[in-house]
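Architecture at a glance
Chain by chain, the residues run as shown.
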Amino acid sequence: MSDLQIRNLRPEEISIAVDWAAAEGWNPGLSDAACFAIPDAQAFFVGEIDGEPVATVSCVNYDDRFAFLGFYIVRESFRGSGHGLRIWNAAIAHARPRVIGLDGVVAQQDNYRKSGFQLAYANIRYGGIVAAPPGPPTDLVALDTIPFALVEADDATVFPAPRSSFLRAWINTPGHVGRALLRDGKLAAWGVIRRCRSGHKIGPLVADDRAAAEKVVQALLASAGGGEVFLDVPAVNREAIALAEQLGLKPVFETARMYTGPIAPLRIDRVFGVSSFELG
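Not measured: the values here are computed from a predicted model.

What follows deals with the pairing of strand β2 (residues 44–49). In terms of burial, β2 is a largely internal element, six of the six residues being buried. Of the two faces of β2, the one carrying Phe-44, Val-46 and Glu-48 and the one carrying Phe-45, Gly-47 and Ile-49 are both buried. As defined by bridge partners, strand β1 (residues 5–8) adjoins β2 across four bridges and the pair is classed as antiparallel. Along β2, the bridge assignment pairs Arg-7 with Val-46. Relative to strand β3 (residues 52–61), β2 is paired through six bridges, and the arrangement is antiparallel. Residue pairing for β3: Phe-45 is matched across the bridge by Val-57. Linking β2 to β3, which pair antiparallel, is a turn of two residues; within it Asp-50 sits at a positive phi near 55°.

Our focus in this paragraph is the packing of helix α5 (residues 148–155) against helix α6 (residues 164–172). Here α5 crosses α6 at 120°, and the two axes come no closer than 11 Å. Judged on the interaxial angle alone, α6 and α5 are oblique. Handedness of the α5/α6 crossing: right-handed. Across the interface between the two elements, Phe-148, Val-151, Glu-152 and Asp-155 from α5 touch Ser-164, Leu-167, Arg-168 and Ile-171 from α6. In terms of residue class, the contact of α5 with α6 is made up of four nonpolar, one polar and three charged.

The amide bond that connects Arg-96 to the next residue, Pro-97, takes the cis arrangement and shows omega of 5°. Following the sequence through the fold, Pro-97 ends up in the loop between α3 (83–95) and β5 (99–105). Going from Gly-203 to Pro-204, the amide bond is cis rather than trans, its omega being 0°. Relative to the helices and strands, Pro-204 is located in strand β10 (residues 200–207).

Attention now goes to the packing of helix α7 (residues 210–224) against helix α8 (residues 238–246). Running from N to C, α7 and α8 cross one another at 40°; their axes reach a closest spacing of 10 Å. By the angle between their directions, the pair α7 and α8 is classed as oblique. Considering how the two elements wind past one another, α7 and α8 form a crossing that is right-handed. Contacts between α7 and α8 involve Arg-210, Ala-213, Glu-214 and Val-217 from the first element and Glu-239, Ala-242, Leu-243 and Gln-246 from the second. For the contact of α7 with α8, the class distribution of residues is four nonpolar, one polar and three charged.

Thresholds applied
- Residues numbered from 1 in each chain as written.
- Predicted model: local features only at pLDDT ≥ 70, side-chain atom pairs only at ≥ 80, totals over all residues.
- Heavy atoms only, no water.
- Buried < 20%, exposed > 50% of the residue type's maximum accessible area, 1.4 Å probe, protein only.
- Helix = DSSP H or I, 4+ residues; strand = E, 2+ residues; numbered from the N terminus.
- Pairing = 2+ DSSP bridges.
- Axes fitted to C-alpha atoms, helices over the stretch in contact; angles between N-to-C directions.
- Parallel < 35°, antiparallel > 145°, perpendicular 65-115°, else oblique.
- Left-handed = near helix turned anticlockwise from the far one by under 90°.
- Contact = heavy atoms within 4.5 Å.
- Nonpolar A, V, L, I, M, F, W, Y, C, P; charged D, E, K, R; others polar.

This is the structure in structure tokens:
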């Protein structure tokens, strides 16, 4: 077996992992690489043979208790030679002793269990063509006009760790559009839509209830002009699934959300759209 050299990807090189993810059909956002580089400068790894990239993985350390693993890809012609295991171990070592989460391919659940991951629930990607609403809601505001502390506090109800730097980048990146709904001065729902290699994705989409989530979705669709849209939904949130079906979206594929240990209780009933299968 040729010698595999593992190193960190520099921020400007993260596009390598994103491009490979696109080739695998994961349909990343056009500006994902720049946002993904922000929360943990040492999170992305590449395995090289004679200077040629053959494997990637990421493991973002959000704080001293939680990390999220993604972009685990080995180029097809180099699979079956142990390269994947070596770069996987490098990512796991980077995260220790944190609890690690991931959205894994369902068929690989048994392999992830061997590394200590346990299934929490499934996430389902819904997709389809959606028309822009003729009269989008008028009682919503741009997400970047909401005090960031409100968004940060609300996100803490649905994500296992603080991710302030990532959220700021996600909300403020050119081409990302965010909308929010306030009720009695409180943040009732918010979401972001971004252009991807194919169509647009909505995520995160966080709401107190389906009616609030629907209002934000309609505003986001209006900003994008409709077209092909994807929404990643926790299968345990029946109201989120009902909203996706109401929009005429159909299941595209499924992932297994898994963790290596206990996390703080989360309001998954408020998650109508996952931010990213790669970073959580």
